[in-house]
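Observations on the model geometry
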Amino acid sequence: MSVSATEAELSDDERAGLELVRETGGIHQSDFWKELDVSSRKGSRIVESLVEKGLVDREETVYDGHNTYYIMPTARDLDFTLLMAGDMLSPFIGEEEVDPNSDAFSQWIMNLAYEE
């Protein structure tokens, strides 16, 4: 089943939970259920359902001195096409400073400009 088909079958609570995770880029489960204004038990069930459907990832962590989970969007939710110009990755990816007069930057801008 495709991701969009899976998302179409979500309950209102699951949809709100998925939207919250995507908007925040990741959230601790202890904050997740508070933000959704549901019980911790219901929040846990929502997260478990989203994990089972492959829409979010969850990893154990310690937050404010308590064991909890960190919930984040799955990698497939990330749109890397925004970093591409043709088949070239943005020169802004990386730790070095980009020289706006460099050939790599100019070529990337030209590819971006001539995309359909």
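The structure we're discussing is the one just above.
Residues numbered from 1 in each chain as written. Predicted model: local features only at pLDDT ≥ 70, side-chain atom pairs only at ≥ 80, totals over all residues. Heavy atoms only, no water.

Let's talk about the environment of Asn-111
Rules: Starting at the N terminus, helices and strands are each numbered in turn, a helix being any DSSP run of H or I of at least four residues and a strand any DSSP run of E of at least two. We call two residues in contact whenever any of their non-hydrogen atoms come within 4.5 Å of each other.
Assignment of secondary structure puts Asn-111 in helix α5 (residues 103-113). Along the backbone, Asn-111 and Met-84 are 27 residues apart, and their C-alpha atoms lie at a distance of 9.0 Å. Look past the residues within four positions of Asn-111 in its chain and what remains in contact with it is Ala-85 and Met-88.

Re the packing of aromatic side chains
Condition: Geometry of aromatic contacts follows a simple scheme: Phe, Tyr and Trp rings, the Trp one being its six-membered ring, pair when their centres are within 6.5 Å, and the pair is stacked under 30 degrees between planes, edge-to-face over 60, tilted otherwise. Counted as over-ring charges are cases with an Arg CZ or a Lys NZ within 6 Å of the ring centre that also lie within 35 degrees of the ring normal.
Using the criterion set out here, one finds 0 aromatic pairs in the structure. Taking the ring centre of Tyr-69 as reference, the NZ or CZ of Arg-58 above it sits at 4.6 Å.

Topic: the sheet that holds strand β3 (residues 66-73)
For the record, the criterion: Here, strands pair whenever DSSP counts at least two bridges between them. Helix axes are fitted only over the stretch in contact, all axes being lines through C-alpha atoms; the angle between N-to-C directions runs from 0 to 180 degrees.
Spatial strand order, β1-β3-β2: 3 strands in an open sheet with antiparallel pairing. The sheet is open, and its two borders are formed by β1 (27-28) and β2 (56-63), each paired with just one other strand. Of the strand pairs in this sheet, β1 and β3 are connected by 2 bridges, and their pairing is antiparallel. Counterpart to Ile-27 in the pairing with β3 is Ile-71. Along the sheet, helix α4 (residues 40-52) makes contact with β2 and β3, crossing β2 at roughly 135°.

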